[in-house]
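# Working through the structure, step by step
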Amino acid sequence: MSQLNLMDHAPSTPGKQKPEKSPYINHRMRLHSSLSKLTIFSTFVVAFLIFLFLLSPPSATTPATRRRTLGGNSFNSSATSWGGSDWEKRVSRSARRASPSSLAVLITGAAGFVGAHVSLALKRRGDGVLGLDNFNRYYDPNLKRARQRLLERAGVFVVEGDINDAALLRKLFDVVPFTHVAHLAAQAGVRYAMQNPSSYVHSNVAGFVNLLEACKTANPQPAVVWASSSSVYGLNSKVPFSEKDRTDQPASLYAATKKAGEEIAHSYNHIYGLSITGLRFFTVYGPWGRPDMAYFFFTKDILKGKQITVFEAPDGGTVARDFTYIDDVVKGFLGALDTAKKSTGSGGKKKEPAQLRVFNLGNTSPVPVSELVAILERLLKVKAKKKVVAMPRNGDVRFTHANISLASKELGYRPITDLGTGLRKFVKWYLEFYPGSKKKSAW
Ligand SMILES: O=C(O)[C@H]1O[C@H](OP(=O)(O)OP(=O)(O)OC[C@H]2O[C@@H](n3ccc(=O)[nH]c3=O)[C@H](O)[C@@H]2O)[C@H](O)[C@@H](O)[C@@H]1O
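Residues numbered from 1 in each chain as written. Predicted model: local features only at pLDDT ≥ 70, side-chain atom pairs only at ≥ 80, totals over all residues. Heavy atoms only, no water.

As annotated in an unreviewed UniProt entry, the protein is UDP-glucuronate 4-epimerase from Arachis hypogaea. The heading Subcellular location (unreviewed entry) in the UniProt record of the protein holds the text "Golgi apparatus, Golgi stack membrane". Looking at the Sequence similarities (unreviewed entry) heading of the UniProt record, one finds this comment for the protein: "Belongs to the NAD(P)-dependent epimerase/dehydratase family." (UniProt positions renumbered as here; feature names shortened; annotations may be inferred.)

Below is the structure:
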């Protein structure tokens, strides 16, 4: 017998019931009994609903949580949520530094290739690190999520959000007085700019301005170190590329947006006293790298027995890159953070001139793309199916070569990894991360 049936036979007020004959009283008793059944039933229903509510995950639309829609970018995640006291606690905990002399760094693009490596290196030495990433689908989001898991294990929380979200940035600066911002969020890739130009404007121009707006208003203002690109040298033919060389002939929209970033940095430094350092990266590669880059998809395609397209200059000349290994770039990045002077503004006003710097972070030894392929063939023990074609007019430049004397003098930057050594580490990681990729090879 169910509990409800048992209650059917129980007096509504136990111990007080008297036998009554009156129809009115009988009616009242029936009514009373029905009401009590209804009350018990309702209690059960309400209890069941409370039980279900307690079981359900926290809603993204609770008052403490805001929802933001990301616009302007076809492959952005449609929405992301943040806020609430638990979220703020996670933010603070992640940004907590080991000692007062350590840095508190907001890292944009933390689930990206360079961002993840810089985050881990800072966390390892005791700096407070908070990541921010929009997890867009420009390349395999699973790889970004895997990097995020790596960071979470190291104690780095990656907030899911976009640098274009002004309210989110304001909130982050409210919760943490960041000493530094490492800005690595960007729309990367030279050739993709012809397919999706607006994504470059959205992230590299609008997003950067939005971030600098937040930095200029923050109290204290952080020092900013951000990723520019070797591509700003564009059609410059003077080698090796020095920071003093021309950068007004970009060959791609990507390069143009990075160059725009350098000019935007100048204006925020000039008006608001933000300390800003731009680092021109030269084709950075290594474990946990970007699948849109040639060394990465060449590896994938060589293992699959798929043809790869190797570019040569229109006159049949060599196409070469100053490939730079990730660990060397990370050391340069940390050197830039450690030598960055404080911003000089407050309340959105400059008090005195602030530091403004640009450095090349390259390897100083360009390697032809044909040699990159030969190294991969040796490491993978698979012969590549190569198709050599004249470099299309897609934004690529023929060669890059960094002069690093300035970075060496000011940041103590000393790249030590040659392409063979760096690619060996990359291939080892690749085969571990994509188990089975070797077996699937046609060889
Ligand atoms: O150093 C930089 O500033 C830039 O480095 C890379 O750009 P890129 O040097 O073009 O790197 P890859 O796309 O990996 O290309 C490497 C080389 O392989 C060549 N390539 C690329 C693709 C292809 O199918 N075949 C081919 O021969 C390219 O012409 C280039 O010489 C990054 O993708 C940019 O985000 C970064 O800013």
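Having seen the model, we can carry on.
Before going further, it helps to spend a moment on the pattern of salt bridges. Going through the model one piece at a time under the given rule, you end up with 19 salt bridges. Within the structure, one salt-bridge network assembled from shared partners comprises Arg 125, Asp 127 and Asp 338. (Salt bridge = Lys/Arg side-chain N within 4 Å of Asp/Glu carboxyl O.)

Neighbouring the ligand are 23 residues; Arg 191, Ser 229, Tyr 254, Thr 283 and Thr 309 lie closest to it. Note that an oxygen atom of the ligand is positioned 2.5 Å from one of the side-chain N or O atoms of Arg 191. Protein chains bury 94% of the 700 Å² of accessible surface belonging to the ligand in isolation. For the shell around the ligand, the secondary-structure elements that each account for two or more residues are α9 (294-304) and β10 (307-312). Residue composition of the shell around the ligand, grouped by class: 13 nonpolar, 6 polar and 4 charged. (Near = heavy atom within 4 Å. Polar contact = N/O pair within 3.5 Å; in protein donor to acceptor, adjacent residues only side chain to side chain. Areas by Shrake-Rupley, 256 points an atom, 1.4 Å probe, with all protein chains shown as cover. Helix = DSSP H or I, 4+ residues; strand = E, 2+ residues; numbered from the N terminus. Nonpolar A, V, L, I, M, F, W, Y, C, P; charged D, E, K, R; others polar.)

This paragraph deals with the UniProt feature "transmembrane region" (unreviewed entry) in the protein. Those places that UniProt annotates as "transmembrane region" (unreviewed entry) correspond, in this numbering, to residues 38-56 and 103-122. Regarding residues 103-122, the helix share stands at 50% and the strand share at 25%, and the terminal C-alpha atoms are separated by 8 Å.

Within this structure, the stated rule accounts for 32 aromatic pairs. Between Phe 296 and Tyr 434 the ring centres are 6.4 Å apart and the planes differ by 85°, which places this aromatic pair in the edge-to-face class. Residue Phe 296 is located in helix α9, and its partner Tyr 434 is located in the segment after α13 (419-433); the two are separated by 138 residues in the primary sequence. Members of the aromatic cluster, each reached through a chain of ring pairs, are Tyr 285, Trp 288, Tyr 295, Phe 296, Phe 323, Tyr 325, Phe 426, Trp 429, Tyr 430, Phe 433 and Tyr 434. The ring of Tyr 139 carries the charged tip of Lys 144 above its face, separated from the ring centre by 4.6 Å. Over the ring of Phe 135 we find Arg 145; its NZ or CZ atom is 3.7 Å from the centre of that ring. (Phe/Tyr/Trp six-rings, centres within 6.5 Å; stacked < 30°, edge-to-face > 60°. Lys NZ or Arg CZ within 6 Å of the ring centre and 35° of its normal.)

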